[in-house]
Amino acid sequence: MDMQPYALVIHGGAGTILKSDMTPELEQLYMEGLQSALDAGYAVLEQGGTAVNAVKAAIVVLEDNLLFNAGRGSVFTKKGVQEMDAALMDGATLNAGAIAAVRNVRNPIELAAEVMHNSNHVFLSGKGTNDFAIKQGIKLEPDDYFFSQFRYDQWKEIRDSDNYSLDHTHQNIQELMKDKKFGTVGACACDQQGNIAAGTSTGGMTNKKFGRIGDSPVIGSGTYANNQTCAISCTGHGEPFIRAVAAHDVSCLMEYKNLSLQQAMDEVVNHKLVALEGEGGMIGIDAKANVSMVFNSAGMYRAMRNSKGEQIIGIYKD
């Protein structure tokens, strides 16, 4: 009997990511960050682990990396703190866990997994989420763990205005990334059993206020998984992705119109989102381990690896 093909795909954000703005050193750091997350998630699949655990393993590595706007590298809100969102969904059961506006949680994706497995709920927000995290023994960190100078400098520039910023500008690693970048992270996996899963984690927008929540933790908008169709994780300007119910729309196009994963993602990212001025992209996988990475922005940090021996790591439009 042939082994079911398996694969992992990850992203570390999309936006105006131009080679002309990037130093070779920084590019190397991003490539290494993507590679280590890919390796961590793929190792789970290789050992026969579940898609859910592979997604979680990959995202934890990205959350622990200061370069990405999730976990440790999360951006500052209007009040000068980090508020993090995350979601995880199991395509085999349609079980899902999501959290919004949590603070001091080292790995928000692990908390989303606890919500999925141990809460009888799907979506928790704010202080109650932190209470649940403590009850479940989730690792917490003090504020200074989440402090990064370039995120702070970036926030300081706009904190007295009503502007918010979707980027991660790196003043201290030179005047880079002058324009917009959406630093969500995510992963989708298909395991050896043919089950798929998706997860997304983010620090949201710099200088965000009023407890703003983007698409990342919204099941069906930024994150969705269903064995019958696809697993999707989005990155971009969250508001249009919420209004487009972007991730679920890909699944619907596959289910009702019999589009392939690639065709469905192309339709949503390059047509429907564009019509709503939704900039960004998404990664996806189906239960046959087909992988797709589609974005309408200048770049998207992305990587994939499958059991056929293919591996891609990319940043810019090819």
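Reading the values: rules and limits
Residues numbered from 1 in each chain as written. Predicted model: local features only at pLDDT ≥ 70, side-chain atom pairs only at ≥ 80, totals over all residues. Heavy atoms only, no water. Helix = DSSP H or I, 4+ residues; strand = E, 2+ residues; numbered from the N terminus. Rg over C-alpha atoms; globule rule 2.2 N^0.38 Å. Buried < 20%, exposed > 50% of the residue type's maximum accessible area, 1.4 Å probe, protein only. Contact = heavy atoms within 4.5 Å. Lys, Arg positive; Asp, Glu negative; His and termini not counted. Charge placed at Lys NZ, Arg CZ, Asp CG, Glu CD. Pairing = 2+ DSSP bridges. Axes fitted to C-alpha atoms, helices over the stretch in contact; angles between N-to-C directions. pLDDT = per-residue confidence, 0-100. Polar contact = N/O pair within 3.5 Å; in protein donor to acceptor, adjacent residues only side chain to side chain. 1 Å grid on protein atoms, 1.4 Å probe; cavity = no way out; pocket = protein on both sides within 12 Å on 5 of 7 lines; lining within 4 Å. Points joined across faces, edges and corners; volume = space filled by probe spheres on them. Phe/Tyr/Trp six-rings, centres within 6.5 Å; stacked < 30°, edge-to-face > 60°. Lys NZ or Arg CZ within 6 Å of the ring centre and 35° of its normal. Salt bridge = Lys/Arg side-chain N within 4 Å of Asp/Glu carboxyl O. Parallel < 35°, antiparallel > 145°, perpendicular 65-115°, else oblique. Left-handed = near helix turned anticlockwise from the far one by under 90°. Nonpolar A, V, L, I, M, F, W, Y, C, P; charged D, E, K, R; others polar.

*Asks:* I'm lost on the overall build of the protein chain in this one. Help?
*Replies:* Secondary structure assignment for the protein chain yields eight helices and 13 strands. Expected size for 318 residues packed as a compact globule is a radius of gyration near 20 Å; at 18 Å, the protein chain falls within 12% of this value. In the protein chain, which comprises 318 residues, the share counted as buried stands at 59%. Within the protein chain, counting contacts between residues at least 6 apart in sequence, those at least 24 apart form 67% of the total. Both charge centroids of the protein chain, one from 27 positive and one from 37 negative side chains, sit 4 Å from each other.

*Asks:* Help me understand the sheet that holds strand S10 (residues 280–285) in this model?
*Replies:* Strand pairing within a sheet occurs via backbone hydrogen bonds; the two strands may be parallel or antiparallel. Taken together, the four strands give an open sheet; going across it, the order is S8-S9-S10-S11, and neighbouring strands pair in antiparallel fashion. Both outer strands of the open sheet, strand S8 (223–225) and strand S11 (291–295), are each paired with one neighbouring strand and no more. The average undirected angle you get between the axes of adjacent strands in this sheet is 10 degrees. With six bridges connecting them, strand S9 (residues 231–236) and S10 associate as antiparallel partners. Along S10, the bridge assignment pairs Ala 231 with Ile 285.

*Asks:* Is there a simple way to think about the confidence of the model for the protein chain in this case?
*Replies:* Residue-level pLDDT values for the protein chain average 90, and 92% of them are 70 or greater. A low-confidence stretch, residues 167–179 (pLDDT under 50), is modelled with 48 contacts involving residues beyond four sequence positions or located in other chains.

*Asks:* Would you explain the side chain of His 11 in this entry?
*Replies:* Locating His 11 in the fold gives a position in strand S1 (residues 7–15). The buried category is assigned to His 11, whose relative accessible area is 0%. A distance of 3.4 Å separates the side chain of His 11 from the backbone oxygen of Cys 234, its partner in a polar contact. Apart from the residues lying within four places of it in its own chain, the contact partners of His 11 are Leu 62, Thr 184, Val 185, Gly 186, Ser 233, Cys 234, Thr 235, Ile 283, Met 300, Tyr 301 and Arg 302.

*Asks:* Sorry if this is basic, but what is going on with the layout of surface pockets here?
*Replies:* Vacant regions in the atomic arrangement are exposed by a probe of water-molecule size rolled over the atoms. Of the pockets and cavities examined, the largest pocket occupies roughly 230 Å³. Considering the residues around the largest pocket, the lining is formed by 18 residues, among which Asn 290, Val 291, Ser 292, Met 304 and Glu 310 are closest to the centre. Those elements that provide at least two residues to the lining of the largest pocket are S11 and strand S12 (299–306).

*Asks:* How should the packing of aromatic side chains be read in this particular structure?
*Replies:* Within a pair of aromatic rings, the relevant descriptors are the distance that separates the centres and the angle that separates the planes. A complete count under the given rule lists five aromatic pairs for this structure. Ring-pair connections join several aromatic residues into one group, and the members of that group are Tyr 30, Phe 68 and Tyr 301. We note Arg 72 situated over the ring of Tyr 145; from NZ or CZ to the ring centre the distance is 5.5 Å.

*Asks:* Can you help me understand unusual backbone geometry in this one?
*Replies:* In this structure, Leu 94 takes a positive phi of about 65 degrees despite not being glycine. Looking at the secondary structure, you find Leu 94 in the loop between strand S2 (84–90) and strand S3 (95–102). On the accessibility criterion, Leu 94 (44% relative accessible area) is partly exposed. Positioned with a positive phi, Asn 120 is a non-glycine residue whose angle comes to about 65 degrees. Following the sequence through the fold, Asn 120 ends up in the loop between helix H3 (108–118) and strand S4 (123–125).

*Asks:* Please explain the pattern of salt bridges as it appears in this structure.
*Replies:* Side chains that carry opposite charge are capable of pairing whenever their charged atoms lie near each other. Here the structure, examined in full by the defined rule, presents nine salt bridges. With a closest N to O distance of 3.9 Å, Arg 305 and Glu 46 form a salt bridge. Of the two residues, Arg 305 sits in strand S12 while Glu 46 sits in helix H1 (residues 24–46), which places them 259 residues apart along the sequence. The partly exposed category is assigned to Arg 305, whose relative accessible area is 24%.

*Asks:* Help me out: how do you make sense of the packing of H1 against helix H2 (residues 51–63) in this one?
*Replies:* Geometry of a packed helix pair, given as the angle between the helix axes and the separation of the axes. At a closest axis distance of 8 Å, the pairing of H1 and H2 adopts a crossing angle of 160 degrees. Compared by their axis directions, H1 and H2 come out roughly antiparallel. For H1 against H2, the interelement crossing comes out right-handed. The residues of H2 that touch H1, namely those facing Gly 33, Ser 36, Ala 37, Ala 40, Gly 41, Val 44 and Leu 45, are Ala 51, Asn 53, Ala 54, Ala 57, Ala 58, Val 61 and Leu 62. Classifying every residue of the contact of H1 with H2 gives ten nonpolar, four polar and no charged.

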